[in-house]
Amino acid sequence: QVQLVESGGGLVQPGGSLRLSCATSGFTLDEHAIGWFRQAPGKEREGVSCISSGDGRTAYADSVKGRFTISRDNAKNTVYLQMNSLKPEDTAVYYCARSPYRNRCSTRAYEYDYWGQGTQVTVSS
């Protein structure tokens, strides 16, 4: 059973930091690229970041570049999203997702085949 479970969300003040985790099971993590997405109420799902497996290539949405960092620990079957300098507009449910490809890094949702349940991130004073 393929599973992805996000954790680490919560309430944080503007300028603060959070580290999200995506714990995976049911597949070999180092055979897949992983993406992070987010969706705010009434808005379209947005690709945030991705990381490939073969070469560790990463990509970021312009809105988070320089503030967020994606990483993976294949031995722990976990992918992380470090979020710094958080802004109110970062408020959303954050999802991790599995790509069927190993070396492809993409923030396009249609390229992903399994999704986690999401974790809420709220940035507010």
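These numbers come from a predicted model, not from an experiment.

Q: Help me understand the overall build of the protein, please; the structure alone is not making it clear to me.
A: Assigned secondary structure in the protein consists of zero helices and 11 strands. Scanning the protein from its N terminus toward the C terminus, one meets helices and strands in the order β-β-β-β-β-β-β-β-β-β-β. Taken along its principal axes, the extent of the C-alpha atoms in the protein is 40 × 30 × 25 Å. Counting the 125 residues in the protein, one finds 44% classified as buried. When the accessible surface of the protein is totalled, it reaches about 6,300 Å², and 43% of it is carbon and sulfur. Across the protein, the mean location of the 14 positive side-chain charges is 2 Å away from that of the 12 negative side-chain charges.

Q: Where do I start with the environment of Leu81 in this structure?
A: Within the element layout of this structure, Leu81 appears in strand S8 (residues 78–83). In the structure, Leu81 is positioned 73 residues away from Gly8 in sequence and 9.5 Å away in space, judged by C-alpha atoms. Not counting chain neighbours up to four residues away, the residues in contact with Leu81 comprise Leu18, Arg19, Leu20, Trp36, Val48, Ser49, Phe68, Thr69, Ile70 and Tyr94.

Q: Help me out: how do you make sense of the side chain of Thr24 in this one?
A: Here Thr24 lies in strand S3 (residues 18–25). Here Thr24 falls in the buried class, since its relative accessible area comes to 8%. Apart from the residues within four sequence positions on either side, Thr24 is in contact with Gln3, Leu4, Leu29 and Asn77.

Q: Would you take a moment to explain the sheet that holds strand S1 (residues 3–7) for this structure?
A: Across the sheet, which stays open at both edges, the four strands sit in the order S1-S3-S8-S7 with antiparallel pairing between neighbours. On the outer flanks of this sheet lie S1 and strand S7 (68–73), each paired with one strand and no other. When strand polarity is set aside, the average angle formed by the axes of neighbouring strands in this sheet is 15°. Pairing of S3 with S8 involves six bridges; the strand directions are antiparallel. Paired with Ala23 across the two strands is Thr78, which belongs to S8.

Q: I would appreciate a short explanation of the packing of aromatic side chains in the present structure.
A: Under the definition given, this model contains three aromatic pairs. With 4.8 Å between their ring centres and 50° between their planes, Phe37 and Trp115 make a pair best called tilted. Within this pair, whereas Phe37 is found in strand S4 (residues 34–39), its partner Trp115 is found in strand S10 (residues 114–115), the two being separated by 78 residues in sequence. Phe37 gets classed as buried once you look at its relative accessible area, which sits at 1%.

Q: How should the nonpolar core be read in this particular structure?
A: General note: in soluble globular proteins, nonpolar side chains tend to be found buried as a group. Core analysis: the largest hydrophobic core is formed by 26 residues, its most contacted members being Trp36, Phe68, Val79, Leu81, Met83 and Tyr94. Only S3, S4, strand S5 (46–51), S7, S8, strand S9 (92–98) and strand S11 (119–123) provide two or more residues apiece to this core. One finds Phe37, Cys50, Cys105 and Tyr112 within the second-largest nonpolar core, a separate group that totals five residues.

Q: Honestly, the state of the cysteines in this entry has me stumped. Any pointers?
A: The bond known as a disulfide is covalent and runs between the sulfur atoms of two cysteines. Considering all chains together, one arrives at two disulfides under this definition. For Cys22, the disulfide goes to Cys96, at an S-S distance of 2.1 Å. Across the S-S bond linking Cys22 and Cys96, the dihedral sits near 75°, which makes this disulfide right-handed. Of this pair, Cys22 sits in strand S3 while Cys96 sits in strand S9, and the two are 74 residues apart along the sequence. The burial state of Cys22 is the same as that of Cys96; both residues are buried. In this model, Cys50 is linked to Cys105 through a disulfide, with the two sulfur atoms separated by 2.1 Å.

Parameters and conventions
Residues numbered from 1 in each chain as written. Predicted model: local features only at pLDDT ≥ 70, side-chain atom pairs only at ≥ 80, totals over all residues. Heavy atoms only, no water. Helix = DSSP H or I, 4+ residues; strand = E, 2+ residues; numbered from the N terminus. Buried < 20%, exposed > 50% of the residue type's maximum accessible area, 1.4 Å probe, protein only. Areas by Shrake-Rupley, 256 points an atom, 1.4 Å probe, with all protein chains shown as cover. Lys, Arg positive; Asp, Glu negative; His and termini not counted. Charge placed at Lys NZ, Arg CZ, Asp CG, Glu CD. Contact = heavy atoms within 4.5 Å. Pairing = 2+ DSSP bridges. Axes fitted to C-alpha atoms, helices over the stretch in contact; angles between N-to-C directions. Phe/Tyr/Trp six-rings, centres within 6.5 Å; stacked < 30°, edge-to-face > 60°. Core = buried A, V, L, I, M, F, W, Y, C linked by side-chain atoms within 4.5 Å. Disulfide = S-S within 2.5 Å.

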